[in-house]
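# Observations on the model geometry
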Amino acid sequence: MFLKVQLQWNVIIPSESLDAKGLALQKAIVVRLLEDFSTKKATKDHGYFLAVTTLDSMGEGRVRQHTGDVLFPVTFSGLTFKIFRGEILEATVHKILKHGVFLRCGPVENIYLSYQKMTDYRYVPGENPIFMNEKMSKIEKDVAVRLMVIGTKYMEAEREFQTVASLEGDFLGPV
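Residues numbered from 1 in each chain as written. Predicted model: local features only at pLDDT ≥ 70, side-chain atom pairs only at ≥ 80, totals over all residues. Heavy atoms only, no water.

Here threonine 43 shows up in strand β2 (residues 42-43). Among the residues examined, threonine 43 registers a relative accessible area of 16% and is labelled buried. Of the polar contacts made by the side chain of threonine 43, one reaches the backbone nitrogen of histidine 46; its length is 3.2 Å. Excluding anything up to four places from it in sequence, threonine 43 contacts Phe49, Tyr154 and Phe161. (Helix = DSSP H or I, 4+ residues; strand = E, 2+ residues; numbered from the N terminus. Buried < 20%, exposed > 50% of the residue type's maximum accessible area, 1.4 Å probe, protein only. Polar contact = N/O pair within 3.5 Å; in protein donor to acceptor, adjacent residues only side chain to side chain. Contact = heavy atoms within 4.5 Å.)

A word on the pattern of salt bridges. Under the defined criterion, the tally for this structure stands at 5 salt bridges. A salt bridge links aspartate 36 to arginine 32; its shortest N-O distance comes to 3.3 Å. Placement of both aspartate 36 and arginine 32 in helix α1 (residues 22-40) is noted, with a separation of 4 residues, approximately one turn of the helix. A relative accessible area of 22% places aspartate 36 in the partly exposed class. The exposure class of arginine 32 is partly exposed, given its relative accessible area of 29%. Glutamate 168 is the partner of lysine 117 in a salt bridge, and the nearest nitrogen-oxygen pair spans 3.9 Å. Remark: glutamate 168 occurs in the loop between β13 (160-166) and β14 (173-174) and lysine 117 occurs in the loop between β8 (108-114) and β9 (122-124); sequence separation between them is 51 residues. Residue classification places glutamate 168 among the partly exposed positions, given a relative accessible area of 40%. (Salt bridge = Lys/Arg side-chain N within 4 Å of Asp/Glu carboxyl O.)

Our focus in this paragraph is the nonpolar core. Grouped together as the largest cluster of nonpolar side chains are 27 residues, with contacts concentrated most on Val101, Leu103, Ile111, Met118, Ile139, Leu147 and Leu167. Put simply, the parts of the chain that give this core at least two residues each are β6 (88-97), β7 (100-105), β8, β12 (144-155) and β13. Once residues lying within four places of it in the same chain are set aside, the contact partners of leucine 147 are Glu87, Ile88, Leu89, Ala91, Leu103, Ile111, Ala165, Ser166, Leu167 and Leu172. Core analysis: the second largest hydrophobic core is formed by 14 residues, Trp9, Val11, Ile13 and Val70 among them. (Core = buried A, V, L, I, M, F, W, Y, C linked by side-chain atoms within 4.5 Å.)

Within β13, 5 of the 7 residues are buried, which leaves the element mostly enclosed by the surrounding structure. With 4 bridges connecting them, β8 and β13 associate as parallel partners. Note on β13: the bridge partner recorded for leucine 113 is alanine 165. Inspection of the sheet shows β12 paired to β13 by 7 bridges, in the antiparallel sense. Within β13, the position partnered with glycine 151 by the bridge is valine 164. With antiparallel pairing between neighbouring strands as the criterion, β12 and β13 make up a hairpin whose turn holds 4 residues, including arginine 159 at a positive phi of roughly 55°. (Pairing = 2+ DSSP bridges.)

We now examine a nonpolar patch on the surface. A cluster of nonpolar side chains, contributed by Val30, Leu34, Leu55 and Met58, occupies part of the molecular surface with about 270 Å² of accessible area. Listing elements by their share of the nonpolar patch, those giving two or more residues are α1 and β3 (47-58). Assignment of secondary structure puts leucine 34 in helix α1. (Patch = residues over 30% accessible without salt bridge, like charges linked within 9 Å, V, L, I, M, F, W, Y side chains within 5 Å. Areas by Shrake-Rupley, 256 points an atom, 1.4 Å probe, with all protein chains shown as cover.)

What follows is the structure, encoded as structure tokens:
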């Protein structure tokens, strides 16, 4: 689900980037905010960071004593993507294993669909393994699958979410 959030961050501008003209300073703050935003990737509370939509306010800069860098408190609005339990998603298969498949949906790289949660489907081994049901519906690489999220877990070290999904429900499966 896409969320609109308002965040407050501290942006640090190196002393070399400071200029007497205010416009260059504002540009440096915005550029640094965008750099910090893109490297942050995700948080447990907000999900994956996608875009900064507006810069709402910039506070007074405070000089850091030992480095000479200037710290600016900044408030901005942004767009995030977070998966919730019970949500229905469309994801693309990127890896098939004997015990299930891994899918991707937007910035989420690790959605796992276990063979136990797709009861109608059976594993068919081969050079290009697939899962197939009695109606000849196939789950294979690069196929879009509609699924339901059963759980998510935020991995702090990788700054990403791991998700477990199911096909148990109406209108779920290959699209």
